[in-house]
Amino acid sequence: MSSENLIPNGAVHSDSFRQCGETAPIFEELPVATIVSVSRPDTGDISPMLLSYTIEFQYKQFKWRLLKKASQVLYLHFALKKRAIIEEFHEKQEQVKEWLHSLGIADQTAVVQDDDEPDDGAVPLHHDDSVRNRYVPSRAAFPIIRPALGGQQCISDRAKVVMLGYLNHFLGNMDLVNSREVCKFLEVSQLSFLQEYGPKLKEGYVMVKHLPKFSGANSDVASCAGFCLGCCSNNWQKVWAVLKPGFLALLDDPFDTELLDIIIFNAPPPSNGNGQCENYLASQIKERNPLRYTFWVASGNQNLRLRTTSKAKVKDWITAINDAGLRPHEGCCQPHRFGSFAPPRGLTDDGSQAQWFIDGEAAFEAIASSIEVANSEIFITGWWLCPELYLRRPFSSNSSSRLDALLETKAKQGVQIYILLYKEVSLALKINSLYSKKKLSNIHENVRVMRYPDRFPTGIYLWSHHEKLVIVDYQICYIGGLDLCFGRYDTVEHKLGDCPPAVWPGKDYYNPRESEPNSWEDVMKDELEREKVPRMPWHDIHCALWGPPCRDIARHFVQRWNHAKRNKAPTEQALPLLMPQHHMVIPHYMGKSREIDIEKSKVVENQKGIQRENSYSSLSPLQNIPLLLPQEADGLDPSAQHTHRYPVNPPNGISGSVFFSSMNPKVEALDPDTQMMDDLYSMDLESGTNINSVVQSGLTTSNELSESLEETDHAVAADDGGQTGPHAACKCQVIRSVSQWSAGTSQTEESIHNAYCYLIEKAEHFVYIENQFFISGLSGDEIIQNRILEVLYRRIVLAHKEQKCFRVIVVMPLLPGFQGGVDDYGAATVRAIMHWQYRTISWEKYSILHKLKVLLGAKTHDYISFYGLRTYGKLSEGGPLSTSQVYVHSKVMIVDDRVALIGSSNINDRSLLGSRDSEIGVVIEDKEFLESSMAGQPWKAGKFSYSLRCSLWSEHLGLHAGEINQISDPVSDSTYKYLWLATAKENSIIYQEVFSCIPNDSINSRAALRESMAFWKEKLGQTTIDLGIAPKKLESWENGEYKETDPMERLKQIRGHLVSFPLEFMNQEDLRPVFNESEFYTSPQVFM
């Protein structure tokens, strides 16, 4: 009886694992094989060598099928025998070496290395039973090739038994099943059974043409091998291809984990008139040489030429790739509602949840707490990032919560941190991303930082990366308007002063209207005179997401990171390519598939001081995500420190250019992409929670939800101050603005624009908007291309025709947040933005108010109105009384108290067209409803949307918790006219009486502005850039007598921060840049 000597268990190493000296067997337990069928090309031929076997393998929850010929099984047998002989020879060498060493001559003896030794550097590990474990009888293979007589069915049945018997010889042995030969035969690799990357699909060796020279774990060997292959095969390189849902990864070999390249699948551009995708991710290439079998794979701006050894293998690869990317209805390569890359989530109980945060204090507290419990990865991207930002205040007692300190702590624990910064044009912006990159990169080797784009090679000079994202462990994502930078931390009080510094240290005491920082050498050094200049209060909205929406956003980050890596640092070893996790690529299957049930378990405890080799190493702690089922939201331990502080049909008549071509108007009603909004307006709500149960308790979560959150690691509790909302189960869809330059996509995506237009058109009662900008165009406007204004106009006209109550409320900054007074020579940017905003709102024939007044007359303001925010306070004890606008930086829209849109996108062409600034947002549609009222009638208000609006309005109107019922009905006259509008008007009058601040409706020209500025500067001796200092006494005449009043007595009558937007300010001027200003030679697109 012959025997074969095979590789012992644990002797197989990948290059990356050899670096850390650990073994990485692919199989941890024995797989099981089943012979599904046997076939042969000619039923008259009885040769068993022509038989083909369809074999189904199962390993844990993974199943896959392979078609193998009898000849391939024999090749496996011979390969195992060859390896066994080599291993036995090595054992004899070791014995001879030990014998020679005992004689004292071992150092002079050369050990012969066989040329056929495996190239993975594996070294046999000798166990007492290793010889026995490496024996497989050759007689087990004889029946496979032995001729058989009988009928076809009889031969097939015998062949099944014989083949299964042979397979069980190595499938029943851990040493054999983890050998390189068997793993190659089974088409498995180190990535096959990692749950976070989804089910096992097709794998195998292919040849790739002109593989990009990305960094690798064994770059020297790779470069040498690449040189040799290039000389011999015209730049074709042999690689191991791993197909997963949503991407194709290329590895050096099955036992490696270092990416050579990756293609993340995106939706191909529509190729027919109805917006459906008929293009393919993979297709065959016709070669002149008929013996060459080549195909290409393309997605976005990536494409690869691959070659196999047969025409059948080409067909198999093409079919598998197109099925993986295009077949699932909800997959990433299918068009979805609004033209988004991401499908709607939360249609079933898939763990989709959301929570809102108002202003920086609440959001930064939640972000800090999530970072503190990170286990594996942290992704961060932003327009501006300051490493020295304190996420908790007062800063003197929260040094450990400084961003760089938080990241350093987690990096030392082995958490991989990836930060993608916007690389600004330094002449135009002073955010100094180079400084931030240097500071962050020096924290720890586990912190990886890139800036993008490079201006000259990309040709992108005008546009920016404007997203603000923090993603922790693929479990929780923070999205909205807040960058992790100076000036953003604020509370609902929006204080003006901080002297001596306690809350805002150094350059964090920030007022971009007065001055931008000129130096970053000492961030703790004040840029402004605190005794004379107020900080500019910052109002913003952020949101946390759990479940599939979080993973959709993580996939977006991975796509952007890899795009920047290819263009910015293709050979830099410290910056690896990333792979998206499975659940952010293939969604929750609408609850149709429950074939696989994986028992949930806790995340492994963090190992301090251990550095992971790469972002997807099998050494990383598994998140225990179900394979085909939605992952439940995992969260923070509520007892952890600080948790107590947490707070598609296009509109009729809109031109086709507005809406993404894939938004097919003839979609069946059961299509999940269109069902979400329809559900909100046709739902049968049997019961609802009393509205006071939420708002009177500080907008906290329900008891049931709170109990469920106690089991998670990333939970954020609602607070009693109205800054943190309920943790609510919602329907969510991620939307974005991206194009080829920003994310490497094959087509421009403007799903944020499409979502805005669709939601406004579907609104029944009101639209509430807070945004940093409001620049949009009516139909026929050839300059401004986004059509949010047109949809608002049409919706208001429809309400007027139907004689129904409909309100549109817009809250925006009183002045653009850029440096310079309105009349200053260097403030052309301020004036240009003002021009385009007033052109949208109230000036000229292109404005919405002008067009509505022609149709509605005085009733226009019953339908739409515009507002800003302002506050006042003393700059220091005994210091001057000052005022400033509260800068509205939030990007939110609430519709009918049932739908909210939150993100980073402004309302202007830069943010909405997709081809300009990159943006990301989310449409959140409520699933839990409350008893409320609308226009005097009972109404089911959404828990998330209603609580967010009530908290915002309470802050703006200065209401207390017991007064929430005054704003429960947002469109009634008692709320809209007699509370909201009246408060704004009264506050505006008081601010004008006390400060004569800018902007105001009494100043209509630059001449009038200069006169007012000169008067107050002379009278007060000092003032701010927008006339923000009050006189010590207010002078007035009453009944013919001169009277002086303390300004504070008048200011005490102000409620909240709401003021009217001055529609007549500078209305006699053309504020566009003139020829002697540099902005005159800049494209107007920059300002709109």
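Look above for the structure.
Throughout, a residue's number is its position along its own chain's written sequence, starting from 1. Where totals are concerned, whole chains, interfaces and linings use all residues; where local detail is concerned, this predicted model gives features only for residues with pLDDT of at least 70, and gives and counts side-chain atom pairs only at 80 or more. With hydrogens and water stripped out, all remaining heavy atoms of the structure feed into the side-chain values.

**A few points about the sheet that holds strand β10 (residues 302–308)**
Hydrogen bonding along the main chain pairs the strands of a sheet, whether they run parallel or antiparallel. Keep this limit in mind: Note on pairing: DSSP must find at least two bridges between two strands before they are called paired. Here a helix means four or more residues in a row that DSSP labels H or I, a strand means two or more in a row labelled E, and each is numbered from the N terminus. To define axes, lines are fitted to C-alpha atoms, for helices over the stretch in contact only, and angles between the resulting N-to-C directions are given on a 0 to 180 degree scale.
Ordered in space as β7-β6-β5-β4-β10-β9-β8, the seven strands form an open sheet in which the pairing is antiparallel. In the strand order of this sheet, the two ends are held by β7 (259–264) and β8 (282–285), each with one partner. Adjacent strand axes in the sheet meet at a mean angle of 35 degrees when their direction is disregarded. Pairing of β8 with strand β9 (residues 293–299) involves four bridges; the strand directions are antiparallel.

**Digging into empty space enclosed by the protein**
Selection rule: Cavities and pockets are found on a 1 Å grid laid over the protein atoms alone: a cavity is a set of points where a 1.4 Å probe fits but cannot escape, a pocket is an open set with protein on both sides within 12 Å along at least five of seven lines, and a lining residue has an atom within 4 Å of such a point. Grid points are joined across faces, edges and corners, and a volume is the space filled by probe spheres set on the points.
In this structure, the second largest cavity occupies an estimated 140 Å³ of space. Around the second largest cavity, the lining comprises 16 residues; the ones closest to its centre are T883, S884, Q885, T1024 and D1026. For the lining of the second largest cavity, the element with the highest residue contribution is strand β25 (residues 881–885), accounting for three residues.

**Structural notes on the pairing of strand β16 (residues 476–480)**
Look at any regular strand and the pattern is simple: side chains alternate between the two faces of the sheet. Convention followed: Three labels apply to residues, based on accessible area from a 1.4 Å probe with only protein chains included: buried if under 20% of the type maximum, exposed if over 50%, partly exposed otherwise in between.
Counting buried residues along β16, five of its five residues qualify, which places the element largely inside the surrounding structure. Side chains I476, Y478 and G480 of β16 all project onto a buried face; the interleaved residues C477 and I479 project onto the opposite face, where all are buried too. Taken together, the four bridges between strand β15 (residues 469–472) and β16 define a ladder with antiparallel strand orientation. Paired with V470 across the bridge in β16 is Y478. What sits between the antiparallel neighbours β15 and β16 is a turn of three residues, in which D473 has the positive phi angle 55 degrees. One ladder, built from five bridges, connects β16 with strand β18 (residues 541–546); its direction is antiparallel. Bridge pairing in β18 places C477 opposite L545.

**A short note on the environment of N1000**
Cut-off, in case you're wondering: Between two residues, a contact is recorded if the distance between any of their heavy atoms is within 4.5 Å. What qualifies as a polar contact is a pair of N or O atoms within 3.5 Å, subject to a donor-acceptor requirement within protein and to the restriction that residues adjacent in sequence count only when both atoms come from side chains.
Following the sequence through the fold, N1000 ends up in the loop between α26 (973–995) and α27 (1006–1020). Taking the C-alpha atoms as reference points, N1000 and L814, 186 residues apart in sequence, are found 9.3 Å from one another. The contact partners of N1000, leaving out residues within four places of it in the chain, are Q992, P1062 and F1065. Engagement of the side chain of N1000 in a polar contact is seen with the backbone oxygen of C997, the distance being 2.8 Å. Among the polar contacts listed, one links the side chain of N1000 to the side chain of S1002, at a separation of 2.4 Å.

**A short note on the nonpolar core**
Applied cut-off: Here, nonpolar core means buried Ala, Val, Leu, Ile, Met, Phe, Trp, Tyr and Cys residues that are tied together by side-chain atoms lying within 4.5 Å of each other.
Within the largest apolar cluster, 80 residues are counted, with the highest numbers of intra-cluster contacts made by I924 and F944. The contact partners of I924, leaving out residues within four places of it in the chain, are A354, C543, L545, C730, K731, C732, R898, V899, A900, I902, F944 and S945. One finds A755, L778, M893 and L901 within the second-largest nonpolar core, a separate group that totals 71 residues.

**Overview of the packing of helix α10 (residues 359–372) against helix α11 (residues 403–412)**
Rules: Working definition: roughly parallel below 35 degrees, roughly antiparallel above 145 degrees, roughly perpendicular at 65 to 115 degrees, and oblique for all remaining angles. Take the far helix as the reference: if the near one is turned anticlockwise from it by less than a right angle, the crossing is left-handed, and if turned clockwise, right-handed.
Contact geometry of α10 with α11 gives a least axis separation of 9 Å together with a crossing angle of 20 degrees. Viewed along their axes, α10 and α11 adopt a mutual orientation that is roughly parallel. Crossing of α10 over α11 shows left-handed handedness. Contacts from A368, I371 and E372 in α10 reach L403, L406, L407 and K410 in α11.

**Comments concerning the packing of aromatic side chains**
Where we set the bar: Stacked, edge-to-face and tilted are the three classes for Phe, Tyr and Trp ring pairs, Trp counted by its six-membered ring, which pair at centre distances within 6.5 Å; planes under 30 degrees apart are stacked, over 60 edge-to-face, the rest tilted. Any Lys NZ or Arg CZ found within 6 Å of a ring centre and within 35 degrees of that ring's normal is scored as a charge over the ring.
Taken as a whole and judged by the stated rule, the model has 30 aromatic pairs. Judged by centre distance (5.8 Å) and plane angle (55 degrees), the ring pair of W384 and Y510 falls under tilted. Of the two residues, W384 is situated in the loop between β12 (377–382) and α11 and Y510 in the loop between β16 and β17 (538–539); the sequence distance between them amounts to 126 residues. Y510 carries the same exposure label as W384, and that label is buried. Taken together, F27, F57, Y59, F62, W64 and F193 form an aromatic cluster joined through their ring pairs. If you follow R795 out to its NZ or CZ, it ends over the ring of F806, 4.3 Å from the centre. A cation over a ring is seen here: R898 above W939, with NZ or CZ 3.7 Å from the ring centre.

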